[in-house]
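Next come the chains, spelled out residue by residue.
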Amino acid sequence: MAPPPPSLVFSVRRSPPELVAPATPTPHEFKPLSDIDDQDGLRFQIPVIQFYKNVPSMNGRDPAKVIKAALAKTLVFYYPFAGRLREGAGRKLSVECTGEGVVFIEADADVTLREFGDALQPPFPCLEELIYDVPGAGGVLNSPLLLVQVTRLKCGGFIFGLRLNHTMADAAGLVQFMTAVGEVARGAHAPSVLPVWGREVLNARDPPRVTRTHHEYDEIADTKNTIVPLDEMDHLSFFFGADEFAALRRHLPPHLRRCSTFEVLTAALWRCRTIALRPDPEEEVRVLCIVNSRPKLRHPPLPAGFYGNAFAFPVALAAAGDLCENPLSYALELVKAAKNSVDQEYMKSVADMMVTKGRPHFAVVRSYLVSDLTRAGIGDVDFGWGKAVYGGAAKGGVGAIPGVASFYIPFRNGKGEDGIVVPFCLPAAAMEIFVKELNGLLKEKAEEEERPLIPAKKPSTFIISAL
């Protein structure tokens, strides 16, 4: 199968949205979010999408009906998701567990999975039809916390689209919930991992004391109008496999070549992105690396079954001129230092800062944020039709401030090569420069194969699609 053309268009017929409530009565209570959960930078809806093939053994079973029933049963255990967020004094968020339910949409599309092509990766054509923005349901406060759309395809496969209020869960927490829905859909009476609220573990101390420097929350004025609306950007996805990572590592001195794929990829993308955006050499630029703190928290550890947000945004800083003019190793060292700065005290310091500084948003001016979903397991969720052909972020650039973030998503390309796909968005002129710079870093591989690795027009390694 070839990649889908940028013009792939199809129609989706949706049933009226409905609320799916827990299958049995649940407690009516207020549950405060943690001081990590309710920071300003997480107050948005994040879309996730999964594509599933037709499975002959499931013929006669309707994925929409199966998932809807499983959702209602799973919400008995995860009943806070069926509630609504309320804001109190000091901008503190709590879930009122009302049992109202989550939004569910049943739909049919006149398209087959084959028409999407082998290279299923963001940006996806007609995404707004696959995760429909129900009027009145997209707010952060007093709105449904989850939206689920199951779209049946002509071939018998289906698309599972989900939109989550990010204050409720991070990727690990969301996958725990989705896995539970999958287990119930396959016949389990209860999830194998029972959910635990436990948000108090990540609350501020009393009295709060900020013990670390948190440049990720610096207040920076956008004096040059650098924040561009998402719909005015080009959206591309880039594939990085073993050959691409080997090419990147060739630019590093021997003592740094054993760095992680996350570190070298983040360093390369940050440097190329900065060159493409052409800030003044003396301007400070930054990359924020989302780091899962679960392994770092030991006193006390997070309880098994915890599904809240448990990550930090440590930041690497550099003058734009220094980042662009120095070799890749310069950026890499900064990324490694930022990533390694997160420990239990760091998380406590962030929580303390939230309550003392009014729950600020992370810095977005001249910033780039990366989130590694390669181990999240979104694509492993099984509703009875096996693992997803694609499971991960629905598009790049999403967030309370659009256009700043990229996600690293596990991916197998049309040649059967395993690697990482990265959705990316930049203004058109900057995207052209970015592609050229990235090709320059990967030049050794391209010369070996006597072909350009990432051609700039109608590429085979990424898909261009208007969203």
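Everything discussed here concerns the structure shown above.
Because the structure is a prediction, the values reported are computed rather than measured.

Conventions we followed
In this convention, every chain numbers its residues from 1, walking through the sequence in written order. For a predicted model such as this one, the threshold for reporting local features is a pLDDT of at least 70, and the threshold for listing and counting side-chain atom pairs is 80 or more; totals across whole chains, interfaces and linings nevertheless cover every residue. The basis for every side-chain value is the complete set of heavy atoms in the structure, and neither hydrogens nor water enter the calculation. Counting from the N terminus, the helices are the DSSP runs of H or I reaching at least four residues and the strands are the DSSP runs of E reaching at least two. Two rings from Phe, Tyr or Trp (for Trp, the six-membered ring) form a pair when their centres sit within 6.5 Å of each other. Planes less than 30 degrees apart are called stacked, planes more than 60 degrees apart edge-to-face, and all others tilted. Only protein chains enter the accessibility calculation, which uses a 1.4 Å probe; a residue whose area is less than 20% of its type maximum is buried, one above 50% is exposed, and one in between is partly exposed. Two strands pair under a simple rule: DSSP has to find at least two bridges between them. A fitted line through C-alpha atoms serves as each axis, taken over the contacting stretch for helices, and the angle formed by two N-to-C directions is quoted from 0 to 180°. Lining residues are defined by having an atom within 4 Å of a point belonging to a cavity or pocket. Those points lie on a 1 Å grid over the protein atoms alone, cavities being sets where a 1.4 Å probe fits but cannot get out and pockets being open sets with protein on both sides within 12 Å along at least five of seven lines. Grid points are joined across faces, edges and corners, and a volume is the space filled by probe spheres set on the points. Lys, Arg, Asp and Glu make up the charged group, whereas Ala, Val, Leu, Ile, Met, Phe, Trp, Tyr, Cys and Pro make up the nonpolar group; the residues left over, Gly among them, are polar. Helix span, expected: 1.5 Å multiplied by one less than the number of residues in the helix. Polar contacts here mean pairs of N or O atoms no more than 3.5 Å apart (in protein, one a potential hydrogen donor and the other a potential acceptor; neighbouring residues in sequence count only if both atoms are side-chain atoms). We call two residues in contact when some of their heavy atoms are within 4.5 Å. The term nonpolar core refers to a set of buried residues drawn from Ala, Val, Leu, Ile, Met, Phe, Trp, Tyr and Cys, joined through side-chain atoms within 4.5 Å. A pair is scored as a salt bridge if a Lys or Arg side-chain nitrogen falls within 4 Å of a carboxyl oxygen belonging to Asp or Glu.

Chemist: Teacher, can you tell me more about unusual backbone geometry here?
Modeler: Excluding glycine, a negative phi dihedral is what most residues carry, and trans is how most peptide bonds are arranged. Omega for the peptide link from proline 122 to proline 123 comes to 0°, which places this bond in the cis form. Locating proline 123 in the fold gives a position in the loop between strand 7 (102–109) and helix 2 (127–130). Residues histidine 299 and proline 300 are joined by a peptide bond in cis, for which omega reads 0°. The backbone of cysteine 126 shows a phi angle near 55°, a positive value even though the residue is not glycine.

Chemist: Would you mind going over the packing of aromatic side chains with me for this structure?
Modeler: For any pair of aromatic rings, the description rests on two quantities: the centre-to-centre distance and the angle between the ring planes. Enumeration over the complete set of coordinates arrives at 24 aromatic pairs. Relative to phenylalanine 383, the ring of tyrosine 52 lies with its centre 5.7 Å away and its plane at 65°, an arrangement referred to as edge-to-face. Residue tyrosine 52 is located in strand 4 (residues 45–52), and its partner phenylalanine 383 is located in the loop between strand 15 (367–372) and strand 16 (390–393); the two are separated by 331 residues in the primary sequence. Residues tyrosine 52 and phenylalanine 383 agree in their burial class; the two are buried.

Chemist: Which parts of the structure should I look at to understand the sheet that holds strand 18 (residues 418–426)?
Modeler: In sheet architecture, strand pairing relies on hydrogen bonds along the backbone and comes in two forms, parallel and antiparallel. If you trace the six strands from one edge of the open sheet to the other, you get 10-18-17-15-11-14, paired in mixed fashion. What marks the edges here is a single partner per strand, and that holds for strand 10 (234–240) and strand 14 (315–319). Here the average twist between neighbouring strands, direction ignored, is 25°. When strand 11 (residues 284–289) meets strand 14, the two strands line up antiparallel, connected through five bridges.

Chemist: Mind showing me how you'd approach the layout of surface pockets here?
Modeler: Put simply, the largest pocket is a space of about 960 Å³. Around the largest pocket sit 44 residues that line it, and Ile290, Asn292, Ser371, Asp372 and Leu373 are the ones nearest its centre. Secondary-structure elements contributing two or more residues to the lining of the largest pocket are strand 4, helix 3 (171–185), helix 5 (261–277), strand 12 (291–292), strand 15 and strand 17 (405–412). Across the lining of the largest pocket, the residue classes break down as 29 nonpolar, nine polar and six charged. In this structure, the second largest pocket spans a volume of roughly 750 Å³. As for the second largest pocket, its lining consists of 31 residues, and the residues nearest its centre are Ala388, Val389, Tyr390, Gly391 and Arg412. For the lining of the second largest pocket, the secondary structure elements donating two or more residues are strand 16, strand 17 and strand 18. Considered class by class, the residues forming the lining of the second largest pocket number twelve nonpolar, eleven polar and eight charged.

Chemist: Even after reading the chapter, I still don't get helix 9 (residues 428–441), so can you show me in this structure?
Modeler: Every α-helical turn comprises 3.6 residues, leaving residues that sit three or four positions apart pointing alike. In this model, helix 9 (14 residues) spans 20 Å end to end at C-alpha, consistent with the 20 Å of a helix rising 1.5 Å per residue. When we look at burial in helix 9, the residues that qualify are Ala430, Met431, Ile433, Phe434, Val435, Leu438 and Leu441.

Chemist: Can you help me understand the side chain of glutamine 176 in this one?
Modeler: Tracing the backbone shows glutamine 176 in helix 3. One polar contact links the side chain of glutamine 176 to the main-chain carbonyl oxygen of glycine 305, over a distance of 2.8 Å. With near-sequence residues (within four places) excluded, glutamine 176 lies in contact with Tyr78, Val193, Pro195, Gly305, Phe306 and Tyr307.

Chemist: What exactly am I supposed to notice about the nonpolar core here?
Modeler: One recurring pattern in soluble globular proteins: nonpolar side chains tend to sit buried together. Formed by 82 residues in total, the largest nonpolar core has its most connected members in Phe81, Phe160 and Phe383. Counting residues per element, this core draws most heavily on helix 3, which supplies eight residues. Setting aside its immediate chain neighbours within four residues, phenylalanine 160 contacts Val48, Ile49, Gln50, Tyr52, Ile67, Val148, Gln149, Val150, Met178 and Phe383. Listed in part, the 46 residues of the second largest apolar core include Ala338, Ile420, Phe424 and Leu426.

Chemist: Looking at this structure, how should I read the sheet that holds strand 3 (residues 30–32)?
Modeler: Spatially, the three strands line up as an open sheet ordered 3-6-5, and their pairing is antiparallel. Whereas interior strands pair on both sides, the edge strands pair on one side only; in this sheet they are strand 3 and strand 5 (84–87). Averaged over all adjacent pairs, the angle separating strand axes in this sheet is 35°, with direction ignored.

Chemist: Whenever I open this one, the side chain of glutamine 45 confuses me. Can you help?
Modeler: Relative to the assigned elements, glutamine 45 resides in strand 4. Of the polar contacts made by the side chain of glutamine 45, one reaches the backbone nitrogen of asparagine 165; its length is 3.2 Å. When residues no more than four places from it in sequence are discounted, the contact partners of glutamine 45 are Ala137, Gly138, Gly139, Pro144, Leu145, Arg163, Leu164 and Asn165.

Chemist: Where do I start with the pattern of salt bridges in this structure?
Modeler: Side chains that carry opposite charge are capable of pairing whenever their charged atoms lie near each other. One pass over the full model with this rule turns up 31 salt bridges. Its salt-bridge partner being arginine 152, residue aspartate 62 comes within 2.9 Å of it at the nearest N-O pair. In this pair, aspartate 62 is assigned in the loop between strand 4 and helix 1 (63–74) and arginine 152 in strand 8 (residues 146–152), connecting sequence segments 90 residues apart. For aspartate 62, a relative accessible area of 22% translates into the label partly exposed. Between aspartate 133 and arginine 163 there is a salt bridge, with the nearest N and O atoms lying 2.9 Å from each other. You can see aspartate 133 sitting in the loop between helix 2 and strand 8 and its partner arginine 163 sitting in strand 9 (residues 158–165), a full 30 residues away along the chain.

Chemist: Any chance you could explain the pairing of strand 5 here in plain terms?
Modeler: Each regular strand displays side chains that alternate between the two surfaces of the sheet. As defined by bridge partners, strand 5 adjoins strand 6 (residues 93–96) across four bridges and the pair is classed as antiparallel. The residue of strand 6 that forms the bridge with arginine 84 is glutamate 96. Between strand 5 and strand 6, which pair antiparallel and follow one another directly, the connecting turn spans five residues, one of which, glycine 90, has a positive phi of 65°.

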